[in-house]
Amino acid sequence: MAKQRNPQLIKLAESAVMLALSIALDFITIWEMPMGGKVTLLSMLPLCLLAVKYGIKTAVPTAFLYSLYQLITGLAKGNVFPYITTSLMVVICVLFDYIVPFTILGFAGCFKKFKPAKFPEAGALLGIMLVIFIRFCCHYITGVLIWKQWAPEGQSPFIYSLIYNGTYLLPEMILTTVAAGILVRIPAIKKIIYPENA
């Protein structure tokens, strides 16, 4: 008699694989901004697809671990905190440049149940776009409050942060959403991401 699979163990294993895949893809940089931020080879996609498949209970803790990886990487590079002058700025930077914007990826499945008849994958793509936009908003906040010191002379910090963060996060959003749209329409992958429809 075959042993029954443990659903929690499967979720844990898949979460670990997706986390490792996101970290691996983060090393593949398409281009990098001079003061931090980069366009990667779909590094957010595995975590977003995990969120679509399993929801926030599984995806948010995994995304939080990814945010810690991003924080540790930022610290290791040594190009973050030397430019921060107050403890409040440290808190803002840690929260809005690392913890919140990457943990939010775990909410990418929030519109999964939105399935228009002609495009049932629309909810998944909408959720992915939303969490990347929220990530942009987080980085925008730190750009205005902290990194405004790098704005060209005479330029508003609001405009500077909009241009700087949009330069890499807009392409990242487009690449991630397009790739997700392609993947979720491949029957074999669709069965994995939407097991309830299999």
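Cut-offs used in this document
Residues numbered from 1 in each chain as written. Predicted model: local features only at pLDDT ≥ 70, side-chain atom pairs only at ≥ 80, totals over all residues. Heavy atoms only, no water. Helix = DSSP H or I, 4+ residues; strand = E, 2+ residues; numbered from the N terminus. Buried < 20%, exposed > 50% of the residue type's maximum accessible area, 1.4 Å probe, protein only. Contact = heavy atoms within 4.5 Å. Areas by Shrake-Rupley, 256 points an atom, 1.4 Å probe, with all protein chains shown as cover. Lys, Arg positive; Asp, Glu negative; His and termini not counted. Charge placed at Lys NZ, Arg CZ, Asp CG, Glu CD. Axes fitted to C-alpha atoms, helices over the stretch in contact; angles between N-to-C directions. Left-handed = near helix turned anticlockwise from the far one by under 90°. Nonpolar A, V, L, I, M, F, W, Y, C, P; charged D, E, K, R; others polar. Phe/Tyr/Trp six-rings, centres within 6.5 Å; stacked < 30°, edge-to-face > 60°. Salt bridge = Lys/Arg side-chain N within 4 Å of Asp/Glu carboxyl O. Pairing = 2+ DSSP bridges.

Engineer: Honestly, the overall build of the chain in this entry has me stumped. Any pointers?
Structural biologist: A count of helical and extended segments in the chain gives 7 helices and 2 strands. Put simply, the chain runs from its N terminus to its C terminus through helices and strands in the order α-β-β-α-α-α-α-α-α. Considered along the principal axes of its C-alpha atoms, the chain spans approximately 70 × 35 × 25 Å. Expressed as a percentage of the 198 residues in the chain, the buried residues total 41%. Contacts spanning at least 24 positions in sequence make up 69% of the contacts within the chain whose residues lie at least 6 apart. Entry remark: accessible area of the chain is about 10,900 Å², with carbon and sulfur atoms responsible for 73%. Charge centroids of the chain, computed over 16 positive and 8 negative side chains, lie 14 Å from each other.

Engineer: Sorry if this is basic, but what is going on with the packing of helix 3 (residues 56-77) against helix 4 (residues 87-103) here?
Structural biologist: To describe two helices that pack against each other, one gives the angle between their axes and the distance between the axes. Running from amino to carboxyl end, helix 3 crosses helix 4 at an angle of 145°, the nearest separation of the two axes being 7 Å. The two elements helix 3 and helix 4 meet at a crossing, and its hand is right-handed. Between helix 3 and helix 4, the residues in contact are Val60, Ala63, Phe64, Tyr66, Ser67, Leu68, Gln70, Leu71 and Gly74 and Val94, Tyr98, Ile99, Phe102 and Thr103, respectively. Its residues assigned to classes, the contact of helix 3 with helix 4 shows 10 nonpolar, 4 polar and no charged.

Engineer: Would you mind showing me how to read the packing of aromatic side chains here?
Structural biologist: For any pair of aromatic rings, geometry is given as the distance between the ring centres together with the angle between the planes. Under the counting rule described, the total for this entry stands at 7 aromatic pairs. Pairing Phe136 with Tyr140 gives two aromatic rings, centres 6.0 Å apart and planes at 35°, and the pair type is tilted. Linking Phe136 with Tyr140, this pair stays in helix 5 (residues 122-145), spanning 4 residues, or about one helical turn. Aromatic pair Tyr164 and Tyr168: ring centres 6.3 Å apart, planes at 75°, arrangement edge-to-face. Taken together, the residues Tyr164 and Tyr168, both in helix 6 (residues 157-183) and 4 residues apart, mark about one turn of the helix. For the pair shown, Tyr164 and Tyr168 are each scored as buried. Joined through ring pairs, the aromatic side chains of Phe27, Tyr66, Tyr69 and Phe102 make up one cluster.

Engineer: Quick question: what am I supposed to make of the pattern of salt bridges here?
Structural biologist: Two side chains that carry opposite charge are able to pair once their charged atoms sit near each other. A complete count under the given rule lists 5 salt bridges for this structure. Among the ionic contacts, a cluster of salt bridges with common partners joins Glu121, Arg185 and Lys190.

Engineer: Mind showing me how you'd approach the pairing of strand 1 (residues 29-32) here?
Structural biologist: For a regular strand, the rule is simple: side chains alternate between the two faces of the sheet. Inspection of the sheet shows strand 1 paired to strand 2 (residues 38-40) by 3 bridges, in the antiparallel sense. Bridge pairing in strand 2 links Thr29 to Thr40. Following strand 1, the chain reverses through 5 residues before pairing antiparallel with strand 2; Gly36 in that reversal takes a positive phi of roughly 105°.

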